[in-house]
Structures are given as structure tokens and as C-alpha cells.
Amino acid sequence: MNIAIIGCGFVADYYVRTLENHPSLKIMGVMDRNPDRAQRFSDYYSLPKYDTLDAVLRDNRVQLVVNLTNPRNHYEVSKAALEAGKHVYSEKPLATDYAEAKELVELAESRGLQISSAPCSLLGETAQTIWKALREQAIGHPYLVYAEMDDGLVHKMMYQAWKSESGTPWPYKDEFEVGCTLEHAGYYLTWFPAFFGPAVNVSAFADCLVKDKVSDGKLDPPDTPDFSVACIKFASGVVARLTCSIVAAHDHELKIFGETGILSTEDCWYYRSPVHIKRRFNIRRKTIVSPIPETYPLVSNQTKKQKYRGAQQMDFARGIAEMADAIKQGQQPYLSARYSLHVNEMVLAIHYALDTGTSYRMETTFEPLEPLSWAR
Ligand SMILES: NC(=O)c1ccc[n+]([C@@H]2O[C@H](COP(=O)([O-])OP(=O)(O)OC[C@H]3O[C@@H](n4cnc5c(N)ncnc54)[C@H](O)[C@@H]3O)[C@@H](O)[C@H]2O)c1
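Residues numbered from 1 in each chain as written. Predicted model: local features only at pLDDT ≥ 70, side-chain atom pairs only at ≥ 80, totals over all residues. Heavy atoms only, no water.

## Details of the overall build of the chain
Helix and strand counts for the chain come out as 12 helices and 14 strands. Expected size for 376 residues packed as a compact globule is a radius of gyration near 21 Å; at 22 Å, the chain falls within 12% of this value. Each principal axis of the C-alpha distribution contributes one length, and for the chain these read about 75 × 50 × 40 Å. For the chain, the exposed surface amounts to about 18400 Å²; the carbon and sulfur share of it is 52%. In the chain, 41 positive and 46 negative side-chain charges are present, and the distance between their average locations comes to 6 Å. (Helix = DSSP H or I, 4+ residues; strand = E, 2+ residues; numbered from the N terminus. Rg over C-alpha atoms; globule rule 2.2 N^0.38 Å. Areas by Shrake-Rupley, 256 points an atom, 1.4 Å probe, with all protein chains shown as cover. Lys, Arg positive; Asp, Glu negative; His and termini not counted. Charge placed at Lys NZ, Arg CZ, Asp CG, Glu CD.)

See the structure below:
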């Protein structure tokens with residue numbers, strides 16, 4: 001499959017590096033609306049460069065466009081690519097507006113094209129192992145999920161020094177403006193519908209807790225949620241509570257509470273994050289959860305050791321390779337357009353929780369209390 005990369009920013013390096021794991025994909029060229037970036041990226045990886053998006057779309061050799069632009073540009077780039085007859089693999093979110101995401105999916109369907117969205121970690125060893133354990137009733141019937149996507153106080157970190165391998169700075173302004181829910185909720189939300197069926201209801205709360213995150217200019221908008229929490233009910237009856245923040249200390253743990261035990265993994269950002277089970281058992285009159293976890297063996301179809309660089313051990317290009325394979329066989333990708341839209345809809349419902357009114361406003365209040373005299 002001949003592909004072209006649009007957007008030569010921070011994440012593009014991860015794609016090019018992990019494309020080395022998937023020789024079926026051939027990069028015809030790269031393009032960025034910032035010509036210096038495109039030039040540097042093309043030089044660094046010795047890849048051909050296109051000067052305009054139009055030039056990519058006019059190139060009949062390109063079958064699939066990989067959209068690695070900023071989230072607020074995903075819609076326009078994906079739409080242009082579909083209109084030009086190219087399949088699209090988009091970084092997440094599919095779009096920042098539900099109507100736009102739906103339009104993209106309908107456009108793809110009307111043209112007989114495929115569109116799919118990252119993250120593709122459902123194709124990873126950890127997600128597939130958890131799903132297998134659930135199917136094998138390793139924890140009996142699953143009831144409840146607690147998933148955390150907390151990344152610590154990012155605005156206090158040394159983010160100005162974070163650079164990709166080819167030298168692109170981490171786009172902190174865009175990350176703060178887009179927000180951690182649109183950026184990160186999808187990592188777990190692409191797993192759950194596969195495990196538990198479609199989501200039927202999302203109850204969410206989102207807020208901006210840290211207003212002035214940058215000292216060099218203003219953010220637009222200034223108050224994107226940096227904290228969100230959602231309870232999602234899935235068709236199977238399972239409820240998942242997902243928290244996203246760039247405030248609480250780093251925690252990416254997933255716990256699934258079932259009838260006979262707890263299934264967990266430390267971090268969905270590692271495709272081979274170990275999967276553990278803690279079993280529940282009775283001793284005399286007490287019910288105890290085993291303090292020592294058992295490791296559930298990881299399933300894998302990877303014949304070679306995957307190449308990763310940096311902190312994120314994700315095989316970014318795996319979703320594109322699977323998509324290319326599916327297209328070749330006349331099938332839908334694993335992360336199909338409709339599946340990607342479903343995930344996008346959940347993520348947007350959480351991100352826009354304040355606007356969509358899914359948070360209940362308290363009516364009552366009371367006079368402030370004083371500490372007790374002996375405690376003053
Ligand atoms: N930064 C990360 O660690 C990370 C990790 C995983 C996924 N992502 C996702 O990857 C995507 C890109 O993020 P990034 O960190 O690389 O951002 P970035 O700002 O570093 O790079 C995006 C690039 O896209 C270019 N661009 C924007 N609109 C364009 C257009 N219309 N035509 C051509 N080029 C255009 C920009 O000039 C920029 O160079 C986002 O969807 C983000 O959610 C980022």
C-alpha cells in the first residue's frame with residue numbers, strides 16, 4: 001500500500017520509526033503546511049517531500065493518506081483526501097465535532113473508501129490478552145471498570161525541552177488547547193466497546209482546573225478541560241469509569257472488577273504491558289482479594305521483536321498496516337469507520353460534558369462553617 005504522511009510534527013517520527021515494522025507500507029512522500037518542517041523531516045528520513053496537500057492528492061500512486069495534523073485540522077485534511085479518492089488513517093480524534101466526524105464516515109462510505117482512526121492499541125498484545133481473559137471468564141462475569149489516564153501536572157514539567165527524534169518540539173500550546181480528554185480518552189475507549197459492546201450512555205463531568213498553563217501568550221480557548229471523569233454504560237451492562245487529567249499524578253492503570261477477581265494492567269501506552277489477575281477467595285468468614293497477582297500470559301502474533309524508541313512503546317503504524325491488509329482483501333479495517341465514529345462520539349460526549357449538560361448542578365448551599373474552637 002502506497003501511503004503519504006500529512007503533518008511532519010512531533011508524532012510523525014513515531015510513525016516513520018514504527019513503519020519499519022511493517023514493510024508492506026511504502027511511504028511515497030511527506031507534506032506539512034510548514035515548509036521548514038516538511039523539509040527537515042524529509043531530509044532526516046530521506047523521504048520525498050510534497051509542497052502542497054494538492055500535490056499529494058493529485059499523485060495517483062498514493063492510495064492511503066495518513067493524517068498526522070493537529071486535531072483541529074483532522075476534518076479538513078481527511079475530507080480533502082476522501083474527496084480525492086484516498087483511504088484515510090487519521091490520528092485521534094477522528095474529528096473535534098461529532099457532525100464532522102459523521103460526515104467523514106458517510107463520505108467514505110459513499111465513495112467506497114475506508115477511514116479509520118488511531119489509537120490502534122486494540123491491536124496490541126495487552127488489549128487482546130485482556131479480551132481473551134474476559135472471554136475465558138478468568139474473573140467470572142465482569143461488572144465494573146476503573147480506567148485512569150492521568151499524566152501529572154504537565155504544565156509544570158520541562159515540556160519546552162521535549163523534542164522528537166528529528167527535532168520537532170512537543171506542541172504544548174495545541175495539546176493544552178485541545179485537551180487531555182480528546183488527546184487521551186480514546187486509548188481506553190477504543191478497547192471497551194470491543195470487550196463490552198457498544199456504549200449506550202455516557203454521564204460525564206469536565207472542567208478546567210488550571211487556567212493559566214503557559215507564560216508565553218494566551219491559550220485559545222483559555223479553559224479547555226484538563227480534567228474529566230465519565231461513567232459509561234455498555235450494552236453488556238458493564239459500567240466503566242474513566243478519568244482523564246493533566247493534573248493528578250501519572251496513572252494509566254486499568255482495573256476490571258469481576259465476579260471472581262480483578263483483571264488489571266499498568267499502562268495502555270505499552271503494547272506489551274503485563275496483564276494481572278488477583279483472585280477473590282474465602283478464608284473462614286472473610287472474603288479476601290489475593291495480595292499476590294498472577295500474571296496472565298500475553299498473547300502475541302508478532303514473530304519479530306518490534307522496534308520502539310523513546311518513552312512510548314506503541315506500534316503506531318500497526319493500525320495502518322492492518323488497514324492496508326484489510327483493504328487489499330476487500331474487507332473493512334479492524335478499527336472500522338463506524339467503530340472509530342463510535343469511539344469519537346464517546347470521547348466528544350466527555351470532552352463537551354459541560355456544554356451538553358451531562359453534569360448536574362446542585363441547587364442547595366449553606367453558610368460557611370468555622371473550625372471547632374479547640375481546633376483553631
Ligand atoms: N504529541 C504526542 O505525543 C502525540 C502522541 C500520539 C498521538 N498524537 C496525535 O498526533 C497528531 C499530531 O500531533 P503532533 O504532536 O505531531 O502535533 P504537531 O503540532 O507537532 O504536528 C502537527 C503538524 O501538522 C501540520 N499541519 C497542521 N494542519 C495541516 C494541514 N492542514 N496541512 C498540512 N500540515 C498541517 C502542522 O504544521 C504540524 O507540523 C494529533 O492528532 C495528536 O493527537 C500526538
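The rest of the description comes next.
## So, a nonpolar patch on the surface
Taken together, the side chains of M157, M158 and W162 define a hydrophobic patch exposed on the protein surface, amounting to about 300 Å² of accessible area. Along the chain, M157 falls in the loop between β6 (142-150) and α7 (172-178). (Patch = residues over 30% accessible without salt bridge, like charges linked within 9 Å, V, L, I, M, F, W, Y side chains within 5 Å. Salt bridge = Lys/Arg side-chain N within 4 Å of Asp/Glu carboxyl O.)

## Focus on the sheet that holds strand β1 (residues 2-6)
Read across the sheet, five strands follow the order β2-β1-β3-β4-β5 without closing on themselves; strand pairing throughout is parallel. Since the sheet does not close on itself, it has two edges, and those belong to β2 (26-31) and β5 (115-117), each with one partner. On average, each strand axis in the sheet is tilted by 20° relative to the strand beside it, whichever way the strands run. Where strand β3 (residues 64-67) lies against strand β4 (residues 87-90), four bridges are found, and the strand directions are parallel. Pairing of V65 across the sheet is with V88, part of β4. Contacting β1, β3, β4 and β5, helix α4 (residues 74-83) crosses the sheet at an angle of about 160° to β4. (Pairing = 2+ DSSP bridges. Axes fitted to C-alpha atoms, helices over the stretch in contact; angles between N-to-C directions. Contact = heavy atoms within 4.5 Å.)

## Remarks on the nonpolar core
Residues L189, W191, F192 and F195 are the most contacted members of the largest nonpolar core, which totals 90 residues. The residues that make up this core include at least three from each of domain 1 (2-120) and domain 2 (121-303 + 311-316 + 348-356). Among all residues touching L189, those that are not within four sequence positions of it are I232, L242, V343, M346, V347 and I350. Counting 25 residues, the second largest nonpolar core, distinct from the first, contains A95, L104, L113 and A337. (Core = buried A, V, L, I, M, F, W, Y, C linked by side-chain atoms within 4.5 Å. Buried < 20%, exposed > 50% of the residue type's maximum accessible area, 1.4 Å probe, protein only. Domains from an automatic or database assignment.)

## Side note on the site of the ligand
Around the ligand lies a shell of 25 residues, among which V11, D32, R37, N70 and E183 are the nearest. F10 has a polar backbone atom sitting 2.8 Å from an oxygen atom of the ligand. A distance of 2.9 Å separates an oxygen atom of the ligand from a polar backbone atom of K92. Burial of the ligand by the surrounding chains reaches 93%, relative to a free accessible area of 820 Å². (Near = heavy atom within 4 Å. Polar contact = N/O pair within 3.5 Å; in protein donor to acceptor, adjacent residues only side chain to side chain.)

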